[in-house]
Amino acid sequence: MTVQSLSPLAQPLKIACCQLMGSTNKLKNLENAKKHIIEAASNDAKLIILPECFNAPYAVDKFEEYAEEIPNGETTKFLSSLAKELSIFLVGGSIPELAFDESGNKRIYNTSVTFNPRGEIIGKHRKVHLFDMCIPNGIQFKESDSLTAGNKATVFELEGYGTVGEAICYDIRFPELFSIACRPPNNAFAMIVPAAFNMSTGPLHWHILAQARAIDNECFVIMCSPARDTVSGGYVAYGRSMIIDPMGKILCEAGEGEEIVYAEIDSSVQDMMKAGIPLEQHRRFDVYQDTSIGAKVSDI
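Right, let's walk through the structure included here. (Residues numbered from 1 in each chain as written. Predicted model: local features only at pLDDT ≥ 70, side-chain atom pairs only at ≥ 80, totals over all residues. Heavy atoms only, no water.)

This part is about the overall build of the chain. Looking only at helices and strands, the chain features seven helices and 16 strands. Computed over its C-alpha atoms, the radius of gyration of the chain comes to 18 Å, within 12% of the 19 Å expected for a compact globule of 300 residues. At a minimum sequence separation of 6, the contacts of the chain that also span at least 24 residues come to 71%. Roughly 13,000 Å² of accessible area belongs to the chain as shown, and the carbon and sulfur atoms make up 50% of that amount. The centroid of the 27 positive side-chain charges in the chain is displaced by 1 Å from the centroid of its 38 negative side-chain charges. (Helix = DSSP H or I, 4+ residues; strand = E, 2+ residues; numbered from the N terminus. Rg over C-alpha atoms; globule rule 2.2 N^0.38 Å. Contact = heavy atoms within 4.5 Å. Areas by Shrake-Rupley, 256 points an atom, 1.4 Å probe, with all protein chains shown as cover. Lys, Arg positive; Asp, Glu negative; His and termini not counted. Charge placed at Lys NZ, Arg CZ, Asp CG, Glu CD.)

What follows concerns the packing of helix α1 (residues 26–42) against helix α3 (residues 74–86). For any two helices packed against each other, one specifies the crossing angle of their axes together with the interaxial distance. For the pair α1 and α3, the least separation of the axes is 11 Å and the interaxial angle reads 15 degrees. Judged on the interaxial angle alone, α3 and α1 are roughly parallel. Read as a crossing pair, α1 and α3 show a hand that is right-handed. Facing K26, L30, E31, K34, I37, I38 and A41 of α1, the residues of α3 in contact are E74, T75, F78, L79, L82 and L86. Classifying every residue of the contact of α1 with α3 by side-chain character gives eight nonpolar, one polar and four charged. (Axes fitted to C-alpha atoms, helices over the stretch in contact; angles between N-to-C directions. Parallel < 35°, antiparallel > 145°, perpendicular 65-115°, else oblique. Left-handed = near helix turned anticlockwise from the far one by under 90°. Nonpolar A, V, L, I, M, F, W, Y, C, P; charged D, E, K, R; others polar.)

Among the nonpolar cores identified, the biggest contains 27 residues, and F197 and M223 are the most heavily contacted of them. No other element matches the five residues that helix α4 (residues 175–182) contributes to this core. Residues in contact with M223, not counting those within four places in the same chain, are C17, I172, V193, A195, W206, A210, S241 and M242. Counting residues in each nonpolar core, the second largest holds 25 residues, with I49, F89, L158 and A263 among its members. (Core = buried A, V, L, I, M, F, W, Y, C linked by side-chain atoms within 4.5 Å. Buried < 20%, exposed > 50% of the residue type's maximum accessible area, 1.4 Å probe, protein only.)

Let's shift gears to the packing of aromatic side chains. Under the definition given, this model contains eleven aromatic pairs. Relative to Y235, the ring of Y58 lies with its centre 4.5 Å away and its plane at 90 degrees, an arrangement referred to as edge-to-face. A residue pair is termed long-range when its members are at least 10 positions apart, and Y58 in the loop between β3 (47–49) and α2 (63–66) and Y235 in the loop between β13 (220–224) and β14 (242–244) qualify at 177 residues. Assessed through its relative accessible area of 10%, Y58 is described here as buried. On the basis of an interplanar angle of 75 degrees and a centroid distance of 5.1 Å, the ring pair of F197 and W206 is categorised as edge-to-face. Just as F197 is buried, W206 falls in that class too. Members of the aromatic cluster, connected to one another through ring pairs, are Y58, F63, F131, F141, Y170, F174 and Y235. (Phe/Tyr/Trp six-rings, centres within 6.5 Å; stacked < 30°, edge-to-face > 60°.)

Structural measurements only, silent on function.
Structure (structure tokens):
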């Protein structure tokens, strides 16, 4: 367990990232998540975050098998009840979501749902950029074989703290999604990113991308990964869950196994960074287009 705090704050928000070891047993995964959420809440965390695909194997051929409807599925009800019981903000990592389009066609999304301390859904992000990747001598993975991409950026309000945005894993490679959340009118002070980088991209890009997005947007970036499982023979996540401040400083970082990491943050740190390096004042939209204008934002 790692704890890192900034200087004394007027209105701190204690965050916990629960880095969990998954399995093929959904009930076991939910119970494991519950154990870690309760532990994090007992350590006064007010915002608790789970990893990408925490309730199911991260496998293209398994997404449909484990998919549930939102908000009436087992996992959503489970997390809602837990958020209410513990009076916490809870970001449910992501789960395979079963949905139907206007024509009645079945769709599977990689979806994250966030709850307030009353157990109400306040945010829902469908992964916008699907991970279709073929790295020479490395991983081959094609989410689009079974998943449908989301089509909206996501921001929501943490009552008493401010606006946050969300992305899922591969989304972090697309700065535009972060710009929509962090620039006016949304002005998010943090981006939450449940993510399962692999052992090819993790060592190369995990830290660099997260720190770059924090610095680009002068926001906190919160990365929550599954634990590294080298035994079961499935997808191997990189681990290293971490929380980064608007200056690009890593406030806390997990290792490879199951672990909870904590950081206490406050949006005033973002205000100080923006005052010192006023990127908003220096942007030259007369030279390049503002990609955040007219973007579609999720309304749950």
